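Architecture and fold: a report
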Amino acid sequence: MDAEAILLENGKGIHGALLSGCVNMYRATGINKYRDAALNALHVIVSSDGELLLKDHSQSASCGGALLFAFEETGEDRYKTAAQKLRDALRRSFLSTQRGLYLSLPFIAEYDTRFGDKQSYKEIVARFQRMCYGKSEDEKMLWFRPITDSPEDQDAAGLQRAGRLLAALADTIEKMDIQLYEHYRALADLFLTLIRQLLPFRDQCSLLFSAGIVNPEEQADALGNLMIVYALRKGVRLGLIDEEKYLRISVEMMSAWKERWQADDAEKQGFCLMIQAEEAEGSKR
Amino acid sequence: MKILFVSARSCTVLMDPEGDYHAKTPRRLLLNGAALRDENRSVFSVFGLWPDTDYSLETWIDGKKESGITFRTEKEVCTLNVKRFGAAGDGEKDDTNAIQAAILSCPPGGRVLIPAGDYFTGPLFLKSHITLEFKPGAVLYLKTERAEFPVLPGMTRTTDEEGEYLLGSWEGNPLDSFASFLNGIGVEDVKIIGEGVLDGNGQKGDWWVNPKIKRIAYRPRMFYLRDCKNIAVQGLTVRNSPAWNLHPTFSENLTFLNMRVEAPAVSPNTDGFDPESCRHVRMYGTEFSVGDDCIALKAGKIYMGMKYHVPCEDIEIAWCRMLDGHGGVTVGSEMSGGVRNVRVHHCVMRGNDRGLRIKTRRGRGKYGVVDDIVFSDVHMEKVKVPLVVNAMYFCDPDGHSEYVQSREKQPADDTTPTVGSIRFERVRAEGCQACAAYILGLPERPVREIQLKDCAFSFDPQAMPMAPAMAENVEKCLNRGVIARFADRLALENVTMENVQGPRIDGEYIQTVSDQ
């Protein structure tokens, strides 16, 4: 693993999932190659005065957590400055796509927990709840349908939207201060509710989910299933869902996934790393 | 004279209801006609009695009998001495298992006896229908390595995932906490008596280092009761707690008598007594000298308040002495289930930062109603501010935020707490510093009523200016009267203020003010 694998277009873009995967793997295992890959990639995309040299918002949002990691590891102010600028930009206008929200909310939670007064927790909870429930109780299970007209959201498979949401929820919960328990608990309850709504749609033969979730005849989706495995593993480790019941499901899914697919692009590689990191963290307990 | 409590081996008596911690006049005690001792406390206990036996107790003043009373001790099935279970009491061997085995083996109506000795132990768990007695000279020392403590998980989902089972608690939230020195989970009818000592060893180990950070779990207390009823604690000394001292939660019919609760002034968060969402609680004849509030009445933070809204109510605190400590009797800041019907009387407070202290803030919720709090016949010496009501207390990670601290009217909604009626009657406070009272309500939900009647305040001529309340933008002051912001009614009747500087009442946004 090296920085070149993480960078896109000579540093104008970045594989956010792969970057996050490296950060998580280093935190879980202490293996330096992951730390070095992440820091070397960030060194390219963050200027000396803390400007994030990426061309689009989604890319920027996907770096947030890694910027804080870089500041933690190196003490260099440019990373904190970049994180602060990103936070301010996101605060001014939360990203308008569903995908953008899922990328940015965990970082906003982490930043505000570490450097802010945690004022954003209430808004973060409200955003997640609005995404899942729409305007009324009758509009439940909206969460795997696109809620914006953006091509990014419309083109993604329902399972991928579900996976991003669950992963974002778990990542956000992990970064929150549990002592603001009402907000932490609201998201924890939401996470459990969504998992319980999703699982009945798992195909009992393939042990995986179809791309659209509700239609089992549809083809299974590689990336979407990987995201669900990650969310389940993380949910178990954080104590959000019962280990006895849900760990087995995640192991079955991962095993079935490996029989069918390979991590043949950066995003899948990134999620595979994040899953490995969760396994390593879980084995420490 | 009135019998307050009887066990198989002891009793507690109210000797002088008009005294405070000390009786107005010392008495000589006679037990069954024989001289027992001279006693100068209003509430006292007698130990070393025999089960199922009639006793007579008399008080004498200046060679003349003043009063007498008879009582019968309770029956006792048997006594289990922890040394027979293998406890060494030598201060070195780990006696946890031996003491725990004795407790678990004790039959209903039996007594677990801890004789004199130094016992090194971890957390212990109580069982229903027993008495636990600590003989004079029995000192239990709590372990200091946190890795050796069991954890009480804060929240566990029910198997059907529809509900939750709450166990551990920290500062008003269901969070993972280390098991405390003595734990009662769902137990009833337990008496913990004696003249022994529980030493939490807080000054050893790392409990008081970075105290607010969760390391594995949150800090243990000396007593933790959850869902208990009919519990009495008599006579013990507890000291050097890792965190709060006595912490009963969601429990009822609790009696605490003649205890001593001690922690160094610099020890962090060593509140003396924190009943949380409890009802029918009596605290009599106890002395506190701790590193935080002596007594703090609590009812959880907003999650617990909104979901369960179990108030702390019917609380009586009398004939106690509160020395030093931040507050003599505090309400909050965790009060989201409400705190009401509180009577504090015949107590003495000395050297506290604040006498009665109400702490709340936006975000505590609609069930967070503090009401019907009465202080009467209380003597305060060198208490810097006798009465503080602070609805903008800067606690919790967002405590300094604009949301909590704004003096502008905010929407009154489900997150807004309420302060109702607070009364001081026959309170005498000498050596005050900042002011007699500081009231800071919320503009959108003013404090309903503050009444001071037949009270006397005098100020310390050597005092230095200080901020009377812990909120943003509270200016330091010195020897001021009543300073009030955002209240519906402020009524003073027969209140004297000696050496006060400035007006007796400095009020803004107060609907009705009277000063007779």
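These notes cover the structure that comes with them. Everything quoted here is computed from the prediction, not taken from an experiment. (Residues numbered from 1 in each chain as written. Chains lettered and ligands numbered in written order. Predicted model: local features only at pLDDT ≥ 70, side-chain atom pairs only at ≥ 80, totals over all residues. Heavy atoms only, no water.)

Some words on the overall build of chain A
Quick note on the threshold: Secondary structure elements follow DSSP: runs of H or I no shorter than four residues count as helices, runs of E no shorter than two count as strands, and numbering proceeds from the N terminus. In this setup the radius of gyration rests on C-alpha atoms only. A globule is expected at 2.2 Å times the number of residues raised to 0.38. Accessible area is worked out with a 1.4 Å probe on protein chains only. A residue is then buried under 20% of its type maximum, exposed over 50%, and partly exposed in between. Contacts were defined at the residue level, with two residues in contact if any of their heavy atoms lie within 4.5 Å. For the purpose of counting charges, residues Lys and Arg are taken to be positive, whereas Asp and Glu are taken to be negative. His and the chain ends are not included. For the purpose of locating charges, the reference atoms are NZ of Lys, CZ of Arg, CG of Asp and CD of Glu.
Assigned secondary structure in chain A consists of 13 helices and two strands. Against the globule reference of 19 Å for 285 residues, chain A gives a C-alpha radius of gyration of 18 Å, in line with a compact fold. Based on the C-alpha atoms only, the size of chain A along its principal axes is roughly 50 × 40 × 40 Å. Counting all 285 residues of chain A, 58% fall into the buried class. The contacts in chain A between residues at least 6 apart in sequence include a share of 67% that link residues at least 24 apart. One finds the centroid of the 36 positive side-chain charges in chain A at a distance of 3 Å from the centroid of its 43 negative side-chain charges.

Quick word on the interface of chain B and chain A
Stated precisely, the cut-off is as follows: Two parts lose some accessible area (1.4 Å probe) when they are put together, and adding that loss for both gives the buried area. Salt bridge, as used here, is a side-chain nitrogen of Lys or Arg placed within 4 Å of a carboxyl oxygen of Asp or Glu. Under the convention adopted here, Pro, Cys and the residues Ala, Val, Leu, Ile, Met, Phe, Trp and Tyr are nonpolar, Asp, Glu, Lys and Arg are charged, and Gly plus all remaining residues are polar.
Facing 20 residues of chain B, the contacting portion of chain A comprises 17 residues. Together, B:Arg157, B:Glu161 and B:Pro397 form the three largest contributors to the area buried by chain B at its contact with chain A, with a combined 37%. Run the count over chain B and chain A and you get five salt bridges. Here A:Lys245 and B:Glu161 are joined by a salt bridge, their closest N and O atoms 3.3 Å apart. If you list the elements that add at least two residues to the side of chain B that touches chain A, you get β16 (155–157) and α2 (302–308) of chain B. With three residues, α2(B) is the largest single contributor of residues to the side of chain B that touches chain A. When its residues are assigned to classes, the side of chain B that touches chain A shows nine nonpolar, two polar and nine charged.

Section: the sheet that holds strand β12 (residues 124–125) of chain B
By definition, the strands of a sheet pair up through backbone hydrogen bonds, in either a parallel or an antiparallel sense. Residues and elements named next belong to chain B. Test applied: One bridge is not enough; two strands pair if DSSP finds at least two bridges between them.
Here four strands make up an open sheet; going across it, the order is β12-β19-β22-β25 and the pairing parallel. Lying at the two open borders of the sheet, with one neighbouring strand each, are β12 and β25 (246–249). Pairing between strand β19 (residues 182–185) and strand β22 (residues 223–226): four bridges, direction parallel. In the sheet register, leucine 182 faces β22, and the bridge partner there is phenylalanine 223.

Observations concerning unusual backbone geometry
Leaving glycine aside, a negative phi is the common case for residues, and trans is the common case for peptide bonds. Residues and elements named next belong to chain B. With an omega of 0°, the peptide bond between glycine 332 and serine 333 qualifies as cis. Tracing the backbone through its elements, the reader meets serine 333 in the loop between β33 (327–331) and β34 (339–345). One non-glycine residue, histidine 129, adopts positive backbone phi at about 65°.

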